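Summary of the model geometry
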Amino acid sequence: MNQFAEVWFYNQGWKAHDFQQKTWKAIQKGHSGLLNAPTGYGKTFAVWFGILDHYYAQQESNKKTKLHTLWVTPLRALSKEIYKAANTVSEGLELDYRVELRTGDTSTASRQKQRKNPPQAMITTPESVHLLLASKESTAFFKSLEFIVVDEWHELLGSKRGVLVELALSRLKAINPSLKIWGISATIGNLEEAKEILLGKDNKGLLVKANIDKHIQVETILPDSLEKFPWAGHLGIRLLDKVVPIIHAHQSTLIFTNTRSQAEIWYQQLILNYPEFAGLLAIHHGSLSDEVRIWVEDALHEGRLKAVVCTSSLDLGVDFRPVDCVVQIGSPKGVARFLQRAGRSGHRPGEVSKIFYVPTNSLEIIEGDSLKYAVQQHIVEQRIPYIRSFDVLIQYLMTLAVGDGFNADQLFGQVKQTHCFESISREEFEECMAMLIHGGKSLTAYDDFHRLENIDGLFKVTSRKLAMRHRLSIGAIVSDAMMRVKFMNGKYLGSIEESFISRLKQGEVFWFSGRQLELLSTRGMDVIVKPSTKKKGVIPSWMGGRFSISPDLGEAIRHSFKNIHKRSHQSREIAFLKPLFEEQKRRSQLPSENELLVEYIETRYGHHLFVYPFEGKLVHEGMSQVVAYRLGKLKPATFSIATNEYGFELVSETKYELNEELLRILFSPTHLHEDINSGINVQEMAKRRFRDIAGIAGLVFQGFPGKSMKTKHLQANSGLFFSVFQDYDPSNLLLREAFDEVFDFQLEEGRMQKAFNRINDHHIVLSRPEKLTPFAFPIFSESFRERYSNEDWQSRLEKLKMQLTLE
Amino acid sequence: MAKRIVLNGLECFLLPQKVLYIPQYGLLVVSDWHLGKLTHFRKEGLFIPPVQIEEEIGRMELLLDELPVQRVVLLGDLFHSEWNEDWMQFTLFTQRYPRISFLLTKGNHDILANDHWLEAKINVVPQYLLTEGLVFSHEPLPDLPSYMVNVVGHVHPGCLLKVRGRQSFRLPCFHLAERILTLPAYGKWTGVQVLPRTEGARFFPVINDEVVEI
């Protein structure tokens, strides 16, 4: 029995769910655990009341308050929400259990106050926990900590922020061995693993499942006619007029887009074409100022908005009661994300979550069918945890050294307890240390590199400059340098990447924060703007919007494609796409289930080889590299490679004499292992991975707002460091990490082997269409490309010279 | 292979070593070397392996040994930041060429103390002028008479070439527009900034051992 919950629930007129009772009981007994429950069913209270109960059961007398609970969430907005809920309970029940926020927004003054006079509970983020570890006397500060709660653990698990959590936990457990750990997670494919990683291997905590089945209604918005609908494109604006009646028919609608620029475009188009939405429509994304976002969130709560165009910034947390409809623009790229977004509407028990799917190009229509299938079959992605992320470890070593310092032997033991560094060897650990102590393996004659210093057995950072620089760069999210967009009067609108602003001239107009703005001037890291009424403007594109379709959604899509040959019982989406499949047949071929279609087309770009194995983007990435390697052995060439869910494309200037016999060899499973290992050019993929690694490890320093000249002298992009390491320290741990990540996340050999085996049984159909086909077009227009070349840089340049002189 | 261009009647060669050579004056112009950059990074606690700069100096020595050079104009950003040991090596290098005069038109990165320039026998000047109306400076000078040509560095110009087979190349280049000739950065560890293809601008990318106009 939980007396606090009982009173509270009675006063609110609520009835406790089973899972809440179970959680309260488990916490009472001092267990750790993972709670799996959907949003909107009181999962916060399930854990919170358990903690309160435990606190007052243990509390003897009125002594000085100490930090009792840390509640970690992935988002600041979510932190605020939890803070509000927890605070209301303390106030409503007149408890002396004090709750405070500790995020990037917390002022220096309140931070100092928290240090001297800590509250019982702090609501915070993984980065802020590390910042606390980076302060002096952090060990004493955490000494009496009883609970740590990791909210939305599924969101953190598959990212390096999850590694930050693992490391922080290993430290806190060492400080306080009786620490109880609770996680809260939405449904994912690997809940058990998620629990084990969070609690630790030896901790037999509980997995509490809510088992609440939520009803989800999915509807695909179809264009009036398929012929006028683009084969490729990413804006989806064509269906704008179809979305408007949906907005009208509901009380409050969330319109999710995949990127921030897409959100700006949709907002702009809605307001321009339907001026009656002025004041009723808002925009919300991660680059907007807190002020704007908080205003939007409050207005949503109060039901003052008809619709909000948003990105993943509204994926999590906060429930907006008035929201009764969700629109997803473009492929959601993953089933879990789609479900999560759908769940943003109708979150009260018993209500139906309604989601409309708006495809942005013809082939994407089929995903409507796939999404329904995935929802019906309860397909949910796993979140794959990062392992051996030495970049995060190096950051963490610095964090502790900036704080109280650390003993290397003890720390090695703690770190080895985490899932991420289970397999780390002492040598590897020493190598990380060496980088921080003398900048690498070797020392030169007059070198005065110093970061870590050994002071009486504890490694510490003594330079204040280094300490400050490190505190400013704690975290595992790497972004470009951001500039702050402001009005003349100083009002702050949000931040845009420096690279976008640098392309604009004074007087040019761009769309941001749902407004049309004219660039007046740039000062340091500030962009000064004024409102503009000019017709034309550009929309900033932000980095990081590129994510590919998850393997699980990919599987559902492949299931849908199997049905295109069915004569009856076709879904609405597939029936609608019939003319497109006929066009594909007319121009080329429509492959049946045991056929592999290969198209060879010449355009002004060169010779295109399109292959459609329907194996998912991940496999296609590797497969295309293998095929490029095998072709390159016949005749040296350079390929530009694009992939999507259905197939891949190799473009090259070099022409090949293709026939079915040759294709058999290209797709043969024999010598696959050798070809993957010797053939695939992972250099560029690794270089791209290295961008984040260098940022997290602390090689790339962004500088602070209004950075001085001296810090500018430290700026360089990660590409430079990649080259330096390759030239002077090719076996470097961070460099190896970049390559490992490519093999772990991009080129999975097992999956590739299976795919090649499957194709081996297929009949290969070679077609030479005159023009691009409906299948080819979306791949053709992929702007993100890999490159494969077995010509060296010099001979590629020689060819370039030839081309230029001929023209 | 070098590219020959004529500026105000003066014959100039754009060399694939990313330098400018003017035979009539035996003048070699070198921009944005950014010496000492990586050592500076290490000093500031960025853990990169120690890097030798002999190779970069060696490349310059090759040029000086092959061409009849009387004067080297260093067009700014010669040294990346505060003093470090790399400067000693550079000093030894200039001492090996007592007959060549070294001039520096200071760039925004050149914050070394005067003694250090002297030590390397470098004459620091605000700009350098040839009678043909060529004026050398780190950044473009304001209000120049219209007959003058300003030779500058600073931006590390590059261009983006897109060719068949969906290939693209980002290459360092010489850039000539509105009587301003911008030199590519000489230093090995410098980036390039792709300049837009504006009306009337001429691009001379460095492709292997050749400078080509596009």
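Everything below is about the structure shown above.
Note that the coordinates shown come from a computational prediction; the quantities given were computed from them, not determined experimentally. (Residues numbered from 1 in each chain as written. Chains lettered and ligands numbered in written order. Predicted model: local features only at pLDDT ≥ 70, side-chain atom pairs only at ≥ 80, totals over all residues.)

1. Structural notes on the overall build of chain A
Per the secondary structure count, chain A includes 33 helices and 26 strands. Against the compact-globule benchmark of 28 Å for 807 residues, chain A has a radius of gyration of 28 Å, which places it among compact chains. Along the first, second and third principal axes, the C-alpha set of chain A runs to 85 × 75 × 60 Å. Excluding contacts between residues fewer than 6 apart, the proportion of contacts in chain A whose partners are at least 24 apart in sequence is 76%. (Helix = DSSP H or I, 4+ residues; strand = E, 2+ residues; numbered from the N terminus. Rg over C-alpha atoms; globule rule 2.2 N^0.38 Å. Contact = placed C-beta atoms within 7 Å.)

2. Here's the deal with the sheet that holds strand β10 (residues 281–284) of chain A
Residues and elements named next belong to chain A. Pairing within the open sheet is parallel, and its six strands lie in the order β8-β13-β12-β9-β11-β10. Across the chains shown, the open sheet's two edge strands, defined by having one partner strand only, are β8 (216–220) and β10. Sheet twist, expressed as the mean angle between neighbouring strand axes with direction ignored, is 20°. Of the strand pairs in this sheet, β8 and strand β13 (residues 353–358) are connected by five bridges, and their pairing is parallel. (Pairing = 2+ DSSP bridges. Axes fitted to C-alpha atoms, helices over the stretch in contact; angles between N-to-C directions.)

3. Regarding the sheet that holds strand β19 (residues 515–523) of chain A
Residue and element names in this part refer to chain A. Pairing within the open sheet is mixed, and its five strands lie in the order β17-β16-β20-β19-β18. The outermost strands of the open sheet, each flanked by one partner alone, are β17 (492–497) and β18 (509–512). Direction aside, neighbouring strands of the sheet carry axes that sit 45° apart on average.

4. A closer look at helix α13 (residues 290–301) of chain A
Residues and elements named next belong to chain A. In this model α13 runs 16 Å from its N-terminal to its C-terminal C-alpha over twelve residues, within 8% of the 16 Å that 1.5 Å per residue would give. For α13, the complete set of buried residues consists of R293, V296, E297 and L300. Looking straight down α13, one finds that the buried residues subtend no more than 95° of arc, so they occupy a single side. Turned more than 90 degrees from where α13 packs its buried face, E291 and D298 sit exposed. Among the structural elements, α4 (76–92), β10 and β11 (307–310) are those in contact with the buried residues of α13. Where α13 ends, the next residue or the one after it, G303, has phi of about 75°, a positive value. (Expected span 1.5 Å × (residues − 1). Buried ≥ 20, exposed ≤ 12 C-beta atoms within 10 Å, placed from the backbone. Arc of directions from axis to C-beta.)

5. Brief notes about the interface of chain A and chain B
Accessible area lost during the coming together of the parts is what is often quoted as the interface size. Taken together, the 37 residues of chain A in the interface contact 31 residues of chain B. Going through the elements one at a time, α18 (426–438), β23 (638–643), β24 (648–652), α29 (718–728) and α33 (793–806) of chain A are the ones with two or more residues in the side of chain A that touches chain B. Take the side of chain A that touches chain B: its biggest share by element is seven residues, from α33 of chain A.

6. Some details on unusual backbone geometry
Peptide bonds are mostly trans, and most non-glycine residues show a negative phi. The phi angle at F614 of chain A is positive, at roughly 50°, despite the residue not being glycine. Residue position: F614 of chain A is located in the loop between β22 (606–612) and α24 (617–634).

7. Thoughts on the environment of L14 of chain B
In this structure, L14 of chain B sits in strand β2 (residues 10–15). Sequence separation between L14 of chain B and N108 of chain B is 94 residues, and the spatial gap between their C-alpha atoms is 24 Å.

8. A short note on the nonpolar core
Grouped together as the largest cluster of nonpolar side chains are 209 residues, with contacts concentrated most on I148 of chain A together with V29 of chain B. At ten residues, helix α16 (residues 390–402) of chain A tops the list of elements feeding residues into this core. Look past the residues within four positions of I148 of chain A in its chain and what remains in contact with it is L70, V72, L169, L172, L179 and I181 of chain A. Among the nonpolar cores identified, the runner-up in size contains 56 residues, and V296, C310, V358 and L371 of chain A belong to it. (Core = buried A, V, L, I, M, F, W, Y, C linked by C-beta atoms within 7 Å.)

9. Let's talk about the environment of F45 of chain A
Residue and element names in this part refer to chain A. Inspection of the secondary structure puts F45 in helix α3 (residues 43–58). Taking the C-beta count within 10 Å as the criterion, F45 has 25 such neighbours and is therefore assigned buried. Expressed as a C-alpha distance, the spacing of F45 and A85, which sit 40 residues apart in the sequence, is 8.5 Å. Aside from chain neighbours lying at most four places away, what touches F45 is A5 and Q20.

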